[in-house]
Amino acid sequence: MTQFDPSTRILERFLALHPRKIDLSLGRIEALLKKLGSPHLRLPPVIHVAGTNGKGSTCAMLESMLLQGGYRVGLYTSPHLVHLGERVQVDRVRLTEEEIVGYADELGAVAARIGADPEMAPTFFEYLTAMAFLQFARQKCDVAVIEVGMGGRLDATNIVEKPLASTLVPISFDHMQYLGDTLTKIATTKSGIFKEGAFAVMARQEREAATVLMKKAAEMSALPIREGIEFSVAERTLAVGGQLLKISGVYGEYDEIFLPMHGEHQASNAATALAAVEVFAGEKKLDEDVVRNAFAAATSPAVYSSLTAGTYTWTVKDANNCLATAQAVVHKLECPKIFCTYSQGYFGNYGGSASDLDINGNCNSSNYSTLKTGQDAIKAGGADARYLVGNV
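The notes below deal with the structure included here. (Residues numbered from 1 in each chain as written. Predicted model: local features only at pLDDT ≥ 70, side-chain atom pairs only at ≥ 80, totals over all residues. Heavy atoms only, no water.)

### Considerations on the overall build of the protein
And step 1. Helices and strands together make up the secondary structure of the protein, namely eleven helices and 17 strands.
And step 2. Within the protein, buried positions represent 53% of all 392 residues.
And step 3. At a minimum sequence separation of 6, the contacts of the protein that also span at least 24 residues come to 69%.
And step 4. Carbon and sulfur atoms make up 51% of the accessible area of the protein, which totals about 17100 Å². (Helix = DSSP H or I, 4+ residues; strand = E, 2+ residues; numbered from the N terminus. Buried < 20%, exposed > 50% of the residue type's maximum accessible area, 1.4 Å probe, protein only. Contact = heavy atoms within 4.5 Å. Areas by Shrake-Rupley, 256 points an atom, 1.4 Å probe, with all protein chains shown as cover.)

Printed below as a string of C-alpha cells:
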C-alpha cells in the first residue's frame, strides 16, 4: 500500500473525521448502522473474540477450521499489515480497492446525514466495522469471526446483539489508559461481550480475571466453556516447524494435530478456537481430519513469524501495549534477546530480559542500545513499543 493507493487516502480521510483516534462508545456506531439499514441485525452467526493475548491467532484458527468445514466465512480483524482490505475478508479474499472506495463513498454519504458535530462523527474503527458488517451481510456468509478492536463493552464490534459464542482469550494488562489500571477493571470491560444465552468460551485466565468473567457469565445466563474444565490441551510436543497437539475438546478427543505455530500459548489458542467451533457446529465433536487439516493450514502473519537475515533467524511478534506478549517471547520461546520496534518506524535493540519490561511492555533498561539494519532508520528510546524480535 503506497501513498497513492485509494485505500491509503481513505484511511487518512477516516482518521481525520473524528477529533480522537480512539473514543470508545456504542452511540456513534449504532446511529451509523441504523442509517445503513441495520446490517448488524442481518449478520450470520457470530463468534466474537476478545481478550489481551492471542486474539489474532485464535481468529486465524477459527477461520481455518470453519473454511475446512465448508462454511462461507467472514473475518474481521485488526490491524492490517500492508493493505487496508486485509481487515475485512470473506473466504480469505480481502476487500478490493474498488470495494473499499465504494463502501467509503456509501458510508461517507450516510455519516454526513447524522450531523455536523465532530463528536458524533464515527471514528476510523467504527467506519471499518460498519464496512465489515455490510460486506458479511451482503456476501451471505454462513458465519462471521469478529475480533474486538479494544476492550469489549464499548468496542464498536459489541453492537452485535446475539453472538453465538463470546470468546475470551487470556486477559492481561493492556491499553490501561482506556481500560483501567487493574486486572479486575480490564476483565470487567472485556467481559462486556458476554451476551444473554450465548456460549462464553474462555481460555485459561489469571484467578482475578477468571472471577470477573464467571460472575459476568452468571449475570448474563451465558453458558461457560472453560479451558481446564470443559476443554484442555491434553498433550503438547515440539515438532519441526511447530508443535504436535492432543486436545480434549468439549465433545471429544482430537490427537495428532500439527500446529505450525510455536509456544504453549498457541496450543491454548488452538484449544480455545476448537471449543468455539464445536459449539458453533451444533455442540458436537468435529470430524478429526477436518480439524487436522485446518490447524495445519492455519497462518497468522507477523505473529511469531520467522525472518532470516544473514546467518541469523529472528522471530517477529506484534506486542503493542502488552507485557504478557513481550514476556512470552523471552520465556515461552526461550529467546536470549528481544528487540523492539516502534510505530514511528524506528528500531531499538533491547538485550535484557522480560523482567526489565514495564507493565505496558515498554523496554526501560540500561540494556537499551541502538543498532542499524539495512536501510531502516534506527534508534532506541520512546514509549510506543510495537513489535518484539527475538534471536532464536
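### Thoughts on the pairing of strand 5 (residues 143-147)
And step 1. Of all five residues in strand 5, five are buried; the element is thus mostly enclosed.
And step 2. Burial along strand 5 is two-sided: the face carrying Val143, Val145 and Glu147 and the face carrying Ala144 and Ile146 are both buried.
And step 3. Alignment of strand 1 (residues 46-50) against strand 5, held across four bridges, turns out to be parallel. Its bridge partner lying in strand 5, Ile47 is registered against Val145.
And step 4. The pairing of strand 2 (residues 73-76) with strand 5 spans four bridges and is parallel. Opposite Val73, over in strand 5, you have Val143 as the bridge partner. (Pairing = 2+ DSSP bridges.)

### Concerning the environment of Lys140
And step 1. Summarising the element assignment, Lys140 is placed in the loop between helix 5 (124-138) and strand 5.
And step 2. With 67 residues separating them in the primary sequence, Lys140 and Val73 have C-alpha atoms 9.2 Å apart.

### Quick look at helix 10 (residues 288-297)
For the α-helix, the turn length of 3.6 residues means that residues three or four positions removed from each other point alike.
And step 1. Of the residues making up helix 10, those classed as buried are Val291, Ala294 and Phe295. Looking straight down helix 10, one finds that the buried residues subtend no more than 90 degrees of arc, so they occupy a single side.
And step 2. If you check the start of helix 10, you find a side-chain oxygen 3.0 Å away from the backbone N of Asp289, and it comes from Asp287. (Arc of directions from axis to C-beta. Polar contact = N/O pair within 3.5 Å; in protein donor to acceptor, adjacent residues only side chain to side chain.)

### A closer look at the sheet that holds strand 4 (residues 93-94)
Backbone-to-backbone hydrogen bonds pair the strands of a sheet. The strands run either parallel or antiparallel.
And step 1. Read from one edge of the open sheet, eight strands run 4-3-2-5-1-6-7-8, paired in mixed fashion. Strands at the two margins of the open sheet, each flanked by one partner only, are strand 4 and strand 8 (223-226).
And step 2. When strand 7 (residues 199-202) meets strand 8, the two strands line up parallel, connected through four bridges. When the sheet's bridge partners are listed, Ala200 is paired in strand 8 with Pro224.
And step 3. This element, helix 9 (residues 264-280), spans strand 1, strand 5, strand 6 (165-168), strand 7 and strand 8 of the sheet and lies at about 165 degrees to strand 7. (Axes fitted to C-alpha atoms, helices over the stretch in contact; angles between N-to-C directions.)

### Topic: the side chain of Arg87
And step 1. Mapped onto the elements of the fold, Arg87 is located in the loop between strand 2 and strand 3 (88-90).
And step 2. Glu86 is the oppositely charged side chain nearest to the buried, salt-bridge-free Arg87, at an N-O distance of 7.6 Å.
And step 3. If sequence neighbours within four positions are ignored, Arg87 has contacts with Leu75, Tyr76, Thr77, Ser78, Pro79, His80, Phe124, Phe125 and Leu128. (Lys, Arg positive; Asp, Glu negative; His and termini not counted. Salt bridge = Lys/Arg side-chain N within 4 Å of Asp/Glu carboxyl O.)

### A few points about the pattern of salt bridges
And step 1. Across all of its chains, the model carries twelve salt bridges by this definition.
And step 2. In this structure, Arg28 and Asp23 form a salt bridge, with 3.3 Å as the shortest nitrogen-oxygen distance.
And step 3. Note that Lys285 is salt-bridged to Glu288, the shortest N-O span being 2.8 Å.

### Thoughts on the packing of aromatic side chains
And step 1. This structure, assessed with the given rule, holds two aromatic pairs.
And step 2. For the pair Tyr71 and Phe280, a centre-to-centre distance of 5.0 Å together with 70 degrees between the ring planes defines the contact as edge-to-face. Of this pair, Tyr71 sits in the loop between helix 3 (55-68) and strand 2 while Phe280 sits in helix 9, and the two are 209 residues apart along the sequence.
And step 3. Tyr71 gets classed as partly exposed once you look at its relative accessible area, which sits at 29%.
And step 4. A cation over an aromatic ring shows up here: Lys285 above the ring of Tyr254, its NZ or CZ 5.4 Å from the ring centre. (Phe/Tyr/Trp six-rings, centres within 6.5 Å; stacked < 30°, edge-to-face > 60°. Lys NZ or Arg CZ within 6 Å of the ring centre and 35° of its normal.)

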